[in-house]
Amino acid sequence: MPNGDIVTGCSDSVVRVFSNSEERWAAEEELKLYDETISNQALPSQQLGDVKKQDLPGLEALSNPGKKEGQVIMVRNNNLVEAHQWDSSSQSWQKIGEVVDAVGSGRKQLFDGKEYDYVFDVDIKDGAPPLKLPYNANENPYQAAHRFLTRNDLPMSYIDEVAQFIDKNTAPVRLGTSNEQYVDPFTGASRYIPRGNTGGTGFTAPTTYGSGPVGSSNVDPFTGSARGSGKAKVLPVLSPLPFKQANVAAMEKKIQELNETTKTTDASAALQPEEGALFTEIFGAVSTNNTSSLSAQHITTIATVIQRWPMTQVFPVIDLLRFVLGSNPAAFKGVKDKEALIATLFRAAERDQPWDNPLSKTRETNLLLVTRSIANMFQAQSGLVPASWTSTVFAELSAIPSTVWTKNTLLALSTLLLNYSCVIHRSQTAAQDQDKHLGLIETALGNANSDQETLYRALVAFGNVICSVAKPKLGKATAGWLRLTSATAKKSGEKRTQDLVDEVQSLIL
């Protein structure tokens with residue numbers, strides 16, 4: 001606040017004001033009650049890490065001063081474990097709660113006959129019993145959130161909030177389930193991981209459309225729920241899913257590191273001074289949250305470097321392009337020669353080489369990042385599509401054998417197909433690349449490596465196409481699509497996918 005006071009609001013629905021000025025302090029009785037409330041709270045053990053009671057010091061540890069303001073220690077008090085925090089102003093330890101055991105580090109809880117690492121009680125409204133939210137540490141929080149909302153007939157507009165609740169309350173024991181890690185075989189432990197998360201464990205959280213999708217035209221803007229009676233409608237989905245997250249600091253460090261290596265092996269391929277200056281501008285814009293300053297010049301400069309760098313070292317530069325395209329799609333709109341940019345990206349995926357199965361890890365990573373980069377080109381602010389460059393994109397992707405697509409690259413591919421279906425939904429010329437677009441959707445739906453999220457995104461893409469302005473005439477292919485979508489529902493095993501298949505098939509017939 002202007003007077004230096006700090007205002008806090010917490011989940012107990014109480015607003016508190018903290019001040020250095022004594023005249024604004026609460027009465028002594030209220031302060032004492034606040035301290036007692038804090039000291040009596042129960043802290044889940046997973047919030048503080050694994051707690052081994054036998055290894056903790058006793059109350060005598062509180063006679064030693066803390067090393068810094070806010071330091072937290074745990075001590076044994078008979079059969080209790082207490083957490084105390086050092087207060088520099090009073091030069092004393094303040095009890096902040098008692099540590100209780102938590103399910104999730106070794107024990108399971110039963111819910112509906114199944115074992116889960118966690119079963120949370122979720123209060124929806126006053127006077128109503130809490131709802132149960134089961135979750136396993138090795139699953140995607142968004143899948144658990146979708147399951148919880150569907151089971152309890154709650155609007156899907158809450159999915160981000162529920163997923164963030166799960167993430168926050170299970171973070172210390174979350175498993176590293178990222179499927180996007182790339183271990184650099186040349187630098188070993190000092191590796192850059194081109195994942196879609198800032199400092200987290202990878203995997204960009206999927207958007208689940210369910211019965212109240214963001215971007216669906218069937219959502220009641222006042223209640224967040226689907227209109228009409230009966231089963232909720234999902235299609236059309238008009239909001240693309242760009243890959244926007246990044247560990248930018250690690251990306252910058254890796255590019256600098258590889259640039260130094262390039263200087264010693266091929267100085268002509270290293271960043272030129274003017275290119276280095278533009279790269280510095282990019283990272284500066286990101287660090288100051290000013291990505292709107294990024295321009296077509298930054299994109300073409302990145303593409304020039306991609307063209308020069310060795311295939312084994314170019315992955316962080318492609319990832320930087322992906323990030324810029326996702327952060328400021330208007331910059332891509334200003335790129336004059338989009339065909340050249342697309343050609344550069346597919347050269348980085350070594351399109352002229354045989355598509356051996358399996359691909360080398362280097363080539364698979366480059367293909368993954370190329371596909372994500374192109375997925376980010378399909379946003380509302382990116383310019384009109386289809387265009388000549390989109391035909392090149394679909395021709396190049398269609399030339400890749402279905403057998404070389406992996407779980408990771410298929411998710412990127414299905415996202416690209418989904419994003420394209422969003423931006424061309426109302427285009428009168430959408431039929432231009434329709435055959436190849438549908439062919440790639442068929443590849444994603446029929447591929448044995450496709451996971452549940454890949455199947456769902458590809459299915460949404462297909463649904464968008466068949467309810468678009470340029471609805472295809474499937475003719476004799478109708479039976480094949482009916483079989484493929486039915487097989488997709490069976491393979492996925494998710495209710496949201498079965499519901500979407502029912503909706504898609506009703507549009508086909």
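Numbers given to residues run from 1 along each chain, matching the order in which its sequence is written. Totals for whole chains, interfaces and linings use all residues, but because this is a predicted model, local features are given only for residues with pLDDT of at least 70 and pairs of side-chain atoms are given and counted only at 80 or more. To get the side-chain values, all heavy atoms of the structure are used, and hydrogens and water are removed first.

Peer 1: Explain the overall build of the protein chain to me, using residue names and the numbers behind them.
Peer 2: A tally of helices and strands in the protein chain yields 17 helices and 10 strands. Throughout, exposure labels follow a simple rule: accessible area from a 1.4 Å probe, protein chains only, divided by the maximum for the residue type, with under 20% read as buried, over 50% as exposed, and the rest as partly exposed. Going through the 509 residues of the protein chain one by one, you find that 47% of them count as buried. For the protein chain, the share of sequence-separated contacts (at least 6 apart) that also reach a separation of at least 24 residues comes to 62%. A total accessible area of about 25,300 Å² is found for the protein chain, and carbon and sulfur atoms account for 51% of it. Segments assigned H or I by DSSP are reported as helices when at least four residues long, segments assigned E as strands when at least two residues long, and all are numbered from the N terminus. In this analysis, two residues are considered to be in contact whenever any of their non-hydrogen atoms come within 4.5 Å of each other. Calculation of accessible area relied on Shrake-Rupley with a 1.4 Å probe; when residues are assessed, cover is drawn exclusively from the protein chains displayed.

Peer 1: I'd like to hear about helix α8 (residues 315–327), residue by residue, with values.
Peer 2: Taking 1.5 Å per residue as the helical rise, α8 with its 13 residues ought to reach 18 Å, and the 18 Å between its terminal C-alpha atoms agrees with that figure. Taken across its 13 residues, α8 has 13 buried, putting it largely inside the fold. Expected helix span is taken as 1.5 Å per residue step, with the number of steps being one fewer than the number of residues.

Peer 1: Tell me about unusual backbone geometry, and please be specific about residues and values.
Peer 2: The peptide bond linking Asn357 to Pro358 adopts the cis configuration, its omega dihedral lying at 5°. Mapped onto the fold, Pro358 is located in the loop between α10 (338–348) and α11 (361–375). Residue Pro386 is reached from Val385 by a cis peptide bond, and omega for that bond is 0°. Within the secondary structure, Pro386 sits in the loop between α11 and α12 (388–398). Although it is not a glycine, Glu350 sits at a positive phi angle of roughly 60°.

Peer 1: Any details on the pattern of salt bridges? Residues and values, ideally.
Peer 2: In what follows, salt bridge is the name for a side-chain nitrogen of Lys or Arg lying within 4 Å of a carboxyl oxygen of Asp or Glu. This structure, assessed with the given rule, holds 12 salt bridges. A salt bridge links Asp5 to Arg24, with the nearest nitrogen and oxygen atoms 2.9 Å apart. Of this pair, Asp5 sits in the segment before β1 (6–9) while Arg24 sits in the loop between β2 (15–18) and α1 (28–39), placing them 19 residues apart in sequence. With a closest N to O distance of 2.7 Å, Glu494 and Arg496 form a salt bridge. Judged on exposure class, the residue Glu494 and its partner Arg496 are both buried. One continuous salt-bridge network, built from bridges that share partners, spans Glu453, Arg457, Glu494 and Arg496.

Peer 1: Tell me what's going on with the packing of aromatic side chains, and back it up with residues and numbers.
Peer 2: Geometry of aromatic contacts follows a simple scheme: Phe, Tyr and Trp rings, the Trp one being its six-membered ring, pair when their centres are within 6.5 Å, and the pair is stacked under 30 degrees between planes, edge-to-face over 60, tilted otherwise. Within this structure, the stated rule accounts for 9 aromatic pairs. Aromatic side chains Phe462 and Trp481 sit 4.1 Å apart centroid to centroid with 10° between the ring planes, which places their arrangement in the stacked category. A residue pair is termed long-range when its members are at least 10 positions apart, and Phe462 in helix α15 (residues 452–466) and Trp481 in helix α16 (residues 478–492) qualify at 19 residues. Trp481 shares its class with Phe462; the two are buried. Chaining the aromatic ring pairs together yields one cluster made of Phe332, Phe378, Trp389, Phe394 and Tyr420. Consider the ring centre and the ring normal. A charge sits over the ring if Lys NZ or Arg CZ is within 6 Å of that centre and within 35 degrees of that normal. Here the guanidinium or amino end of Arg372 rests over the ring plane of Phe243, the centre of that ring lying 5.4 Å away. Just above the ring of Tyr456 sits the side chain of Arg496; from NZ or CZ to the centre is 4.2 Å.

Peer 1: Mind laying out the environment of His84, listing which residues take part and the relevant values?
Peer 2: If you trace the backbone, His84 turns up in strand β5 (residues 80–87). Relative accessible area serves as the criterion here: at 6%, His84 is assigned to the buried category. With near-sequence residues (within four places) excluded, His84 lies in contact with Leu62, Gln71, Val72, Ile73, Val75, Trp93, Gln94, Lys95 and Ile96. Side-chain atoms alone can form a polar contact between residues adjacent in sequence; in general such a contact is a pair of N or O atoms within 3.5 Å, and within protein one must be able to donate a hydrogen while the other accepts it. A polar side-chain atom of His84 sits 2.9 Å from a polar atom in the side chain of Glu82.

Peer 1: Mind laying out helix α5 (residues 248–265), listing which residues take part and the relevant values?
Peer 2: Look at α5: 26 Å from first C-alpha to last across 18 residues, which is about the 26 Å you get at 1.5 Å a residue. Buried within α5 are the following residues: Val248, Met251, Lys254, Ile255, Leu258, Asn259 and Thr262. Mapping the buried residues of α5 onto a view down its axis gives an arc of 140°, with all of them on the same face. Exposed and facing more than 90 degrees away from the buried side of α5 are Ala249, Lys253 and Thr264. Buried residues in α5 make contact with α6 (273–287) and α8. Picture the helix axis, draw a direction to every C-beta atom, and the arc is the one those directions span.

Peer 1: Lay out the pairing of strand β9 (residues 118–122) with the relevant residues and their values.
Peer 2: Most of β9 is tucked away, with 4 of its 5 residues classed as buried. We call two strands paired when DSSP finds no fewer than two bridges between them. With 5 bridges joining them, β9 and strand β10 (residues 131–135) adopt antiparallel strand pairing. Note on β10: the bridge partner recorded for Phe120 is Leu133.

Peer 1: Tell me about a nonpolar patch on the surface, residues and numbers included.
Peer 2: Each patch is built from salt-bridge-free residues with over 30% relative accessible area, joining like charges within 9 Å and nonpolar side chains (Val, Leu, Ile, Met, Phe, Trp, Tyr) within 5 Å. Taken together, Met1, Val7, Val15 and Val17 make up a surface patch of nonpolar side chains, about 390 Å² in accessible area. Mapping Met1 onto the fold places it in the segment before β1. Residue Met1 is classed as exposed on the basis of its relative accessible area, which comes to 55%.

Peer 1: Outline the packing of α5 against α6, listing residues and values.
Peer 2: Under this scheme, a helix contributes an axis fitted over its contacting stretch, all axes are lines through C-alpha atoms, and angles between N-to-C directions fall in the 0 to 180 degree range. Where α5 meets α6, the closest approach of the two axes is 11 Å, and the angle between their N-to-C directions is 165°. As summarised for this structure, α5 and α6 are arranged roughly antiparallel, according to the angle between their axes. Between α5 and α6 lies a crossing whose hand is left-handed. Contact residues: α5 offers Val248, Met251, Glu252 and Ile255, while α6 offers Phe279, Phe283 and Val286. When describing relative orientation, an angle under 35 degrees is termed roughly parallel and one over 145 degrees roughly antiparallel, while 65 to 115 degrees is termed roughly perpendicular and anything else oblique. Crossings are assigned a handedness: left-handed for a near helix turned anticlockwise from the far helix by less than a right angle, right-handed for a clockwise turn.

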